[in-house]
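# Structural description and commentary
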Amino acid sequence: MSRQSNRATDSKKMNSELFTLTYGALVTQLCKDYENDEEVNKQLDKIKFTSHVVLHRFFQEGCAAGKITNKMGYNIGVRLIEDFLARSSVGRCHDFRETADVIAKVAFKMYLGITPSVTNWSPAGDEFSLILESNPLVDFVELPDNHSNLVYSSLLCGVLRGALEMVQMAVDVRFAQDTLRGDSVTEIRMKFIKRIEENLPAGDE
């Protein structure tokens, strides 16, 4: 029993490290492909993932083709929400506060193995912060001086925005603080914009 538990823990750690290194290779490739950090940030924001295996395969295919396309990122984002709903018992959230709790306590735990704190709510209740005490994406990472404007984990913003769009919720997501850039914590700021109305076929309204 103990040996099996140790093997499972070791396997999980290896998968996590493989994911981190694969993502690092992806960022490195994008830095070579684009001239400035702002464009790299945009590309990372567009790329969404469902699992270590999907990201690893996506990276291999993207590099083999010599480019990362918006369509690939969008398709992965669609699979993310489908995978999440299938693997979790979460139903439709009734408000933004409930959404925030699901993101922090279920989604981040499921895909990254961490549970961010939900804090800094706006008075209107339409904006909050996710505080990450640790960020698996930045393990083994140091930003070089010539990439001071790179938001290394921009991918997470794309993941959150893309997944929520699939459940008819438009949000703005950005990094407010980042330990890689000298801040004491990593803070992701999320703001509710609007509910996206479903376009029903004629006659179904």
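- If you check an unreviewed UniProt entry, the protein appears there as Trafficking protein particle complex subunit from Cyprinus carpio carpio.
- What UniProt states about the protein under its Function (unreviewed entry) heading is, verbatim, "May play a role in vesicular transport from endoplasmic reticulum to Golgi."
- Here the protein is described in UniProt, under the heading Subunit (unreviewed entry), as follows: "Homodimer."

## Description of the overall build of the protein
- Looking only at helices and strands, the protein has six helices and four strands in total.
- Of the regular secondary structure in the protein, the N- to C-terminal order runs α-α-α-α-α-β-β-α-β-β.
- In the protein, once contacts between residues fewer than 6 apart in sequence are set aside, the share between residues at least 24 apart is 60%.
- If you sum the accessible surface of the protein, you get close to 11800 Å²; carbon and sulfur atoms cover 49% of it.

## Considerations on unusual backbone geometry
- We note that Asn120 has phi near 55 degrees; this positive angle belongs to a residue other than glycine.
- On the secondary structure map, Asn120 appears in the loop between strand S1 (117–119) and strand S2 (127–132).
- With a phi close to 65 degrees, Gln168 is a non-glycine residue in the positive phi region.
- Within the secondary structure, Gln168 is located in the loop between helix H6 (154–165) and strand S3 (169–177).

## Digging into the packing of aromatic side chains
- Evaluation of the coordinates by the stated rule reveals four aromatic pairs.
- On the basis of an interplanar angle of 35 degrees and a centroid distance of 4.9 Å, the ring pair of Trp121 and Phe128 is categorised as tilted.
- Note that Arg97 overlies the ring of Trp121, its terminal NZ or CZ placed 4.2 Å from the centroid.

## Some thoughts on H6
- With 12 residues, H6 extends 17 Å between its outermost C-alpha atoms, agreeing within 8% with the 16 Å of an ideal straight helix rising 1.5 Å per residue.
- Among the 12 residues in H6, 10 count as buried, and that is most of the element.
- Burial in H6 covers these residues: Ser154, Leu155, Leu156, Cys157, Gly158, Val159, Leu160, Gly162, Ala163 and Leu164.

## Some points on helix H5 (residues 96–112)
- For H5, the principal kink sits at Ile103 and spans about 35 degrees.
- For H5, the set of buried residues is Phe96, Thr99, Ala100, Val102, Ile103, Ala104, Ala107, Phe108, Tyr111 and Leu112.
- Near the N-terminus of H5, the side chain that reaches the backbone nitrogen of Arg97, with its oxygen 3.2 Å away, is that of Asp95.

## As for the side chain of Asn135
- Within the fold, Asn135 resides in the loop between S2 and H6.
- Sequence-distant contacts of Asn135, defined by excluding residues within four places in its chain, comprise Ser153 and Leu156.

## Points about the nonpolar core
- With 32 residues, the main nonpolar core has Phe108, Leu130, Leu156, Leu160, Ile188 and Met190 as its most contacted residues.
- Of all the secondary structure elements, the ones that give two or more residues to this core are helix H4 (70–87), H5, S2, H6, S3 and strand S4 (186–195).
- Per element, the largest residue contribution to this core is nine residues, and it comes from H5.
- In contact with Leu156, not counting residues within four places along its chain, are Leu112, Leu132, Asn135, Leu137, Phe175 and Ile188.
- Within the second largest apolar cluster, 11 residues are counted, among which are Val27, Leu30, Leu150 and Leu180.

Scoring rules and cut-offs
- Residues numbered from 1 in each chain as written.
- Predicted model: local features only at pLDDT ≥ 70, side-chain atom pairs only at ≥ 80, totals over all residues.
- Heavy atoms only, no water.
- UniProt positions renumbered as here; feature names shortened; annotations may be inferred.
- Helix = DSSP H or I, 4+ residues; strand = E, 2+ residues; numbered from the N terminus.
- Contact = heavy atoms within 4.5 Å.
- Areas by Shrake-Rupley, 256 points an atom, 1.4 Å probe, with all protein chains shown as cover.
- Phe/Tyr/Trp six-rings, centres within 6.5 Å; stacked < 30°, edge-to-face > 60°.
- Lys NZ or Arg CZ within 6 Å of the ring centre and 35° of its normal.
- Expected span 1.5 Å × (residues − 1).
- Buried < 20%, exposed > 50% of the residue type's maximum accessible area, 1.4 Å probe, protein only.
- Bend = angle between axes of the 7 residues up to and from the residue.
- Polar contact = N/O pair within 3.5 Å; in protein donor to acceptor, adjacent residues only side chain to side chain.
- Core = buried A, V, L, I, M, F, W, Y, C linked by side-chain atoms within 4.5 Å.

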